[in-house]
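Residue strings, one per chain:
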Amino acid sequence: MPDLPSGLTWLALLLPFVAALVAPVLTARLGAAAAWCLALFPALAFVHFLSVLPEIASGGRITGGFAWVPSLNLSFSWLLDGLSLTFALLITGIGTLIVLYAGGYMKGHPQQGRFFSYILLFMGAMLGVVVSDSFLMLFVYWELTSITSFLLIGFDHTREASRRAALQALVVTGGGGLVLLAGLIFIWNITGISQLSLLLSTGDILRESPFYLAALLLVLGGAFTKSAQFPFHFWLPNAMEAPTPVSAYLHSATMVKAGVYLLMRLNPVMGGTPAWEILLPFFGGITLLVGGILAVRQTDLKLMLAYTTVASLGLLVMLTGFDTPYAVEAAVLYLVAHSLFKGGLFMVAGIIDHETGTRDIRLLGGLRRLMPITFAAAILGGISMAGLPPLFGFLAKEEIYAALAGANPRAILFTAVAVIGNALMFVIAFAVGLKPFIGAETKTPKHAHEGPVLLWLGPLTLALLALVGALFSGMVHRFISSPMASAVDGASQTVSVGLIPHIGMPLALSILTVALGILLYRGLDRLRAGVDRLVTGFGLSPDRSFDHLVSGLVRLSVRVTGVIHNGRLEVYITTTFILLAHVLLVTPVVYGELPAMPAWPANLSLVEAAFLTIAVIGVAAVLSARDRLTAIVCLGIQGFALAVLFLLYGAPDLSFTQFMVETLSVVILALVMTRLRLSPTDHRPLIARLLDGAAAVACGVGFALLLIRATEAPFDATLTEFFAAYSKAIAHGANVVNVIIVDFRGVDTLGEISVVMITGLAILALIRIRVGTAAPTASVVSPPSGSFGEVKGKKKGRGK
């Protein structure tokens, strides 16, 4: 399979981000008409991806990118093959229609420009996910989809429900992204490869690794949270708090399919194992049933469609893990079909809400004559979702039953799951696509009428594409289905299913699904009531469990913070020094790194001995001082003695620095102590003094042993020679020490200066607060509840 030049792929990847930058400006100038201009950006990207279809269909793939950190094998690279190209076409093609739809749906909204920016950023992030070749690029874009979806779901941030849904989606999908990162690191360490294009050619290396199961579980954690698999399905219906253009895009071509994309992408190197073939069908099957059952419970059009998206994602995961000849082909066909009918039906639900003022299916009816174009798009989308000819959904359903049908117990079980799930989706397809438009006209909050062209253009286009795709299925299979199935399977596949159904068991199962769907549709109200009683009887749901988990985590955080962050400075300092002593003393003992005790220096001069004695006397003076001020003054004795020792050993610069530090430390501490109202003596109990003293002695001994151990090692003069050779040549300074501090370690010096400055400001603030509190003419005025007030002083003579 040859690799082709990347061409303008990099530009196509940037177009949505460029559009996001200019969206607020264009919207401010053009209003809703800006949608036509902004839609050109994803449309151009769509045209580019469309232009490479022949090369990809003939077995080629497009790779490109830039090396980021070559030494770590990290790159910013992309890969276009049958799988990623299909996703790219769906993202940019449906994205173009969504931008136009948002222009009509959000018309007049004061924040329409911000909305355009968010949804275009989301488009760019999702496009990056599906074309990423490097693990790094995949993870960055994966998390960017979580962040941008957070912004979109919480777009109406004045509503608590929107904020909660956005936060829930971010926590679930963002947490899953971190799990995925661990899985990608596992794969990287197992194979030594950090690019998907190279990973796909490694064969069984990953499957045969003893760490395969750990890597698989981590990857599934990321995929299941993103694609809302049970028990992480609850965030997706709650995301319906977002405006309808977001819902239509989120459910059809973008974020919720990212997990499915990842599983399909890794199928050639992680699939075909017992764990893969057990976990994916099991969780996918449960998700299919849970989504379908909860869908018929709803009365809100968007929620009904949202739960069927959960069910459809479960079906896709189940098919991806089902090891039969037609399973991959069925998954590919259903993914494309679902993108077309679900995007269209969500836009139909938005049109109904926009033009009637309600999405409650119980309040809708007779819209066929008032909204004929919307009805045409809705019925075509519903037929495709129900799996009826001559729409593309029929081809997918036929291939699903061809893949699942079998005589063994496993095949029978999952075939039954698929029949029940598809029957439930049949019910919702006609409940959304037919029921609001038939029967007698009902009175709605707004007078119903057909929406503007920006609203109905998108759903009608997608419905017609589903029709044309089924009628000309041979061409679709050649350029879309077969290359995509080949990429997912890791071997050449040819999809050939058409409008003529599979004769035999698949056709019988299809007829059974339609019959069961019609039966359930006719009793939809009774079915809804029964499911509601069933779900209510369970009591605790994953959605409520999430709230309990978050509140429990908050309570735990408060308690832990109260223990380890209790606000007492002496506890922090004591804990720090105890841990430091542990590192300095216990670790060398455990690892046998204690130094040999050196002999007393025989050449110690009288002057050196004298200043060493002065330092010891200074320590004794500090310990025996009766008040804090005396202890502070005595604290400088050993510092000055140490400065003289530096001078005697030929380090005048260091000695001068030590003199300055000690002088400033004593002066500042003395100044602070005289301005603060502290007791003149130390009132600590004996136990506290012994503990502090033991920690201090342990740290001192530990540092002494560390220095002795360091001097035992052979001296490496590399840095000495480097600084001596280049200090004057590069930094133009003859004083090597100054050059090191100012040039070679300039950032470190800047950090030290910043610390000193911040410490000085903190001391100044502390003194001012104490002085202000002690002033006889000042009093503290409590700020108003719920706001940050100012501290104001009352002058004498003012009224009460």
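How do you make sense of the overall build of the chain when you look at a structure like this?
Summing up its helical and strand segments, the chain has 32 helices and three strands in all. Taken against the 2.2 N^0.38 rule, which gives 28 Å for 800 residues, the C-alpha radius of gyration of the chain at 35 Å runs more than 25% over that of a compact globule. Overall, the chain is about 105 × 75 × 55 Å in size when its C-alpha atoms are taken along their principal axes. Across the 800 residues that make up the chain, the buried fraction comes to 47%. In the chain, of all internal contacts separated by at least 6 residues, the share reaching a separation of at least 24 is 78%. If you sum the accessible surface of the chain, you get close to 38800 Å²; carbon and sulfur atoms cover 70% of it.

Help me understand the nonpolar core, please; the structure alone is not making it clear to me.
Generally speaking, soluble globular proteins have nonpolar side chains that are buried together. Within the largest apolar cluster, 193 residues are counted, with the highest numbers of intra-cluster contacts made by Phe49, Leu120, Trp235, Tyr249 and Met270. Here this core gets 19 residues from one element, more than from any other, and that element is helix H16 (residues 327–356). If sequence neighbours within four positions are ignored, Leu120 has contacts with Pro16, Ala19, Ala20, Ala23, Leu38 and Val99.

In this structure, what is going on with the pattern of salt bridges? I would like to understand it.
Proximity of charged atoms lets side chains of opposite charge pair with each other. Tallied over the full model, the rule gives 15 salt bridges. A salt bridge links Arg369 to Glu441, with the shortest nitrogen-to-oxygen separation between them at 3.7 Å. Of this pair, Arg369 sits in the loop between H16 and helix H17 (372–386) while Glu441 is found in the loop between helix H19 (409–433) and helix H20 (453–471), placing the two residues 72 residues apart along the sequence. Residue class for Glu441 comes out partly exposed when judged on its relative accessible area of 45%.

Got a minute to help me understand the packing of aromatic side chains in this structure?
As enumerated under the stated definition, the model contains 21 aromatic pairs in all. With a centroid separation of 5.7 Å and an interplanar angle of 80°, the aromatic rings of Phe322 and Phe414 are classed as edge-to-face. Pair noted here: Phe322 is in the loop between helix H15 (301–320) and H16 and Phe414 is in helix H19, with a separation of 92 residues, a long-range link. Cluster of aromatic residues (ring-pair linked, three or more members): Phe722, Phe723, Tyr726 and Phe744. Just above the ring of Phe322 sits the side chain of Arg410; from NZ or CZ to the centre is 4.4 Å.

Sorry, what's going on with H16 here?
In an α-helix there are 3.6 residues to a turn, and that puts residues three or four apart on one side. With 30 residues, H16 ought to run about 44 Å at 1.5 Å a step, and its terminal C-alpha atoms sit 42 Å apart, in line with that. Here H16 lies mainly inside the structure; 29 of its 30 residues are buried. In the stretch just after H16, Gly357 is the one whose phi turns positive, near 90°.

I would appreciate a short explanation of the packing of H16 against H20 in the present structure.
Each pair of packed helices gets described by two things: the angle between the helix axes and the distance between those axes. Two elements in contact, H16 and H20, have axes separated by 8 Å at closest approach and are oriented at 150°. Of the possible angle classes, the one that applies to H16 and H20 is roughly antiparallel. You can see that H16 and H20 cross each other, and the crossing is left-handed. Where H16 approaches H20, its residues Leu340, Gly343, Gly344, Met347, Val348, Ile351, His354 and Glu355 are matched on the opposing element by Leu455, Trp456, Gly458, Pro459, Leu462, Leu465 and Ala466. The residue makeup of the contact of H16 with H20, split by class, is 10 nonpolar, four polar and one charged.

I'm lost on the pairing of strand E3 (residues 74–80) in this one. Help?
The two faces of the sheet receive side chains in turn, since in a regular strand these alternate between them. By the criterion of burial, E3 is predominantly enclosed, with six of the seven residues buried. For strand E2 (residues 61–69) and E3, the ladder comprises seven bridges, and the chain directions are antiparallel. Paired with Gly65 across the two strands is Ser77, which belongs to E3.

Honestly, the side chain of Thr173 in this entry has me stumped. Any pointers?
By the element assignment, Thr173 lies in helix H8 (residues 160–191). Residue Thr173 is classed as buried on the basis of its relative accessible area, which comes to 0%. Separated by 3.1 Å, the side chains of Thr173 and Ser146 make a polar contact. When residues no more than four places from it in sequence are discounted, the contact partners of Thr173 are Trp142, Glu143, Ser146, Thr225, Lys226, Trp235 and Met255.

Sorry, what's going on with the side chain of Thr225 here?
Tracing the sequence through the fold places Thr225 in helix H10 (residues 212–226). Contact partners of Thr225, with chain neighbours within four places excluded, come to Val172, Thr173, Gly176, Phe232 and Trp235.

What am I meant to see in the environment of His354 here?
Its place among the elements puts His354 in helix H16. Separated by 248 residues in the primary sequence, His354 and Met106 have C-alpha atoms spaced 9.7 Å apart. Excluding anything up to four places from it in sequence, His354 contacts Gly104, Tyr105, Lys446 and Leu455. Here Glu355 takes part through its side chain, which lies 2.9 Å from a polar atom of the side chain of His354.

I tried to follow helix H30 (residues 718–731) on my own but got confused; where do I start?
Taking 1.5 Å of rise per residue, the 14 residues of H30 would be expected to cover 20 Å, and the 18 Å separating its terminal C-alpha atoms lies within 8% of that figure. Where H30 bends most, the angle comes to about 35°, and this point is Ala725. Of the positions making up H30, those classed as buried are Phe723, Ser727 and Ala731. Looking at the buried residues of H30, the elements they touch are helix H31 (736–744). One or two steps after H30, the chain reaches His732, where phi turns positive at roughly 60°.

Mind showing me how you'd approach the packing of H15 against H19 here?
Running from amino to carboxyl end, H15 crosses H19 at an angle of 155°, the nearest separation of the two axes being 10 Å. Here H15 is positioned roughly antiparallel relative to H19, judged by the angle of their axes. Regarding H15 and H19, the two cross each other, and that crossing is left-handed. Taking contact as the criterion, the partners of Leu301, Met304, Leu305, Thr308, Ala311, Ser312, Leu315 and Met318 in H15 are, on H19, Phe414, Val417, Ala418, Asn422, Met425, Ile428, Ala431 and Val432. Its residues placed into classes, the contact of H15 with H19 shows 13 nonpolar, three polar and no charged.

So what exactly am I meant to see when it comes to the confidence of the model for the chain here?
Any region with low pLDDT has predicted coordinates that should not be read closely. When the pLDDT values of the chain are averaged, the result is 86; 93% of them are 70 or greater. Mean pLDDT values for the elements of the chain range from 50 in strand E1 (residues 3–4) up to 95 in H17. Note on residues 774–800: pLDDT is under 50 here. Beyond four places in sequence and across chains, it has 12 contacts.

Looking at this structure, I do not really get a nonpolar patch on the surface. What am I missing?
Together, Leu8, Trp10, Leu11, Leu14 and Val18 make up an exposed nonpolar region whose accessible area comes to about 430 Å². Here Trp10 falls in the partly exposed class, since its relative accessible area comes to 39%.

Just checking my understanding: could you explain the environment of His582 for this structure?
Assignment of secondary structure puts His582 in helix H25 (residues 569–590). Assessed through its relative accessible area of 43%, His582 is described here as partly exposed. Distance in space between the C-alpha atoms of His582 and Leu690 is 17 Å, their sequence separation being 108 residues.

Looking at this model, I keep getting lost on unusual backbone geometry. Mind explaining?
Phi is mostly negative for residues that are not glycine, and the peptide bonds are mostly trans. Cis peptide bonds are those with omega within 30 degrees of zero, and the linkage from Phe230 to Pro231 qualifies with 5°. Of note, the bond from Pro389 into Pro390 is cis; its omega dihedral lies within 30 degrees of zero at 5°. You can see Pro390 is positioned in the loop between H17 and helix H18 (392–404). Residues other than glycine seldom take positive phi values, yet Ala228 does so here, at roughly 55°. Here Ala228 lies in the loop between H10 and helix H11 (235–238). The class of Ala228 is buried, set by a relative accessible area of 0%. You will see that His732, though not glycine, has its phi angle at about 60°, which is positive. Among the secondary structure elements, His732 is positioned in the loop between H30 and H31. Look at His732 and you get exposed, because its relative accessible area is 66%.

Would you mind showing me how to read the environment of Gly65 here?
Along the chain, the position of Gly65 falls in strand E2. Residues Gly65 and Ser77 lie 12 residues apart in sequence; the distance between their C-alpha atoms is 3.8 Å. If sequence neighbours within four positions are ignored, Gly65 has contacts with Phe76, Ser77 and Trp78.

What counts, and where the lines are drawn
- Residues numbered from 1 in each chain as written.
- Predicted model: local features only at pLDDT ≥ 70, side-chain atom pairs only at ≥ 80, totals over all residues.
- Heavy atoms only, no water.
- Helix = DSSP H or I, 4+ residues; strand = E, 2+ residues; numbered from the N terminus.
- Rg over C-alpha atoms; globule rule 2.2 N^0.38 Å.
- Buried < 20%, exposed > 50% of the residue type's maximum accessible area, 1.4 Å probe, protein only.
- Contact = heavy atoms within 4.5 Å.
- Areas by Shrake-Rupley, 256 points an atom, 1.4 Å probe, with all protein chains shown as cover.
- Core = buried A, V, L, I, M, F, W, Y, C linked by side-chain atoms within 4.5 Å.
- Salt bridge = Lys/Arg side-chain N within 4 Å of Asp/Glu carboxyl O.
- Phe/Tyr/Trp six-rings, centres within 6.5 Å; stacked < 30°, edge-to-face > 60°.
- Lys NZ or Arg CZ within 6 Å of the ring centre and 35° of its normal.
- Expected span 1.5 Å × (residues − 1).
- Axes fitted to C-alpha atoms, helices over the stretch in contact; angles between N-to-C directions.
- Parallel < 35°, antiparallel > 145°, perpendicular 65-115°, else oblique.
- Left-handed = near helix turned anticlockwise from the far one by under 90°.
- Nonpolar A, V, L, I, M, F, W, Y, C, P; charged D, E, K, R; others polar.
- Pairing = 2+ DSSP bridges.
- Polar contact = N/O pair within 3.5 Å; in protein donor to acceptor, adjacent residues only side chain to side chain.
- Bend = angle between axes of the 7 residues up to and from the residue.
- pLDDT = per-residue confidence, 0-100.
- Patch = residues over 30% accessible without salt bridge, like charges linked within 9 Å, V, L, I, M, F, W, Y side chains within 5 Å.

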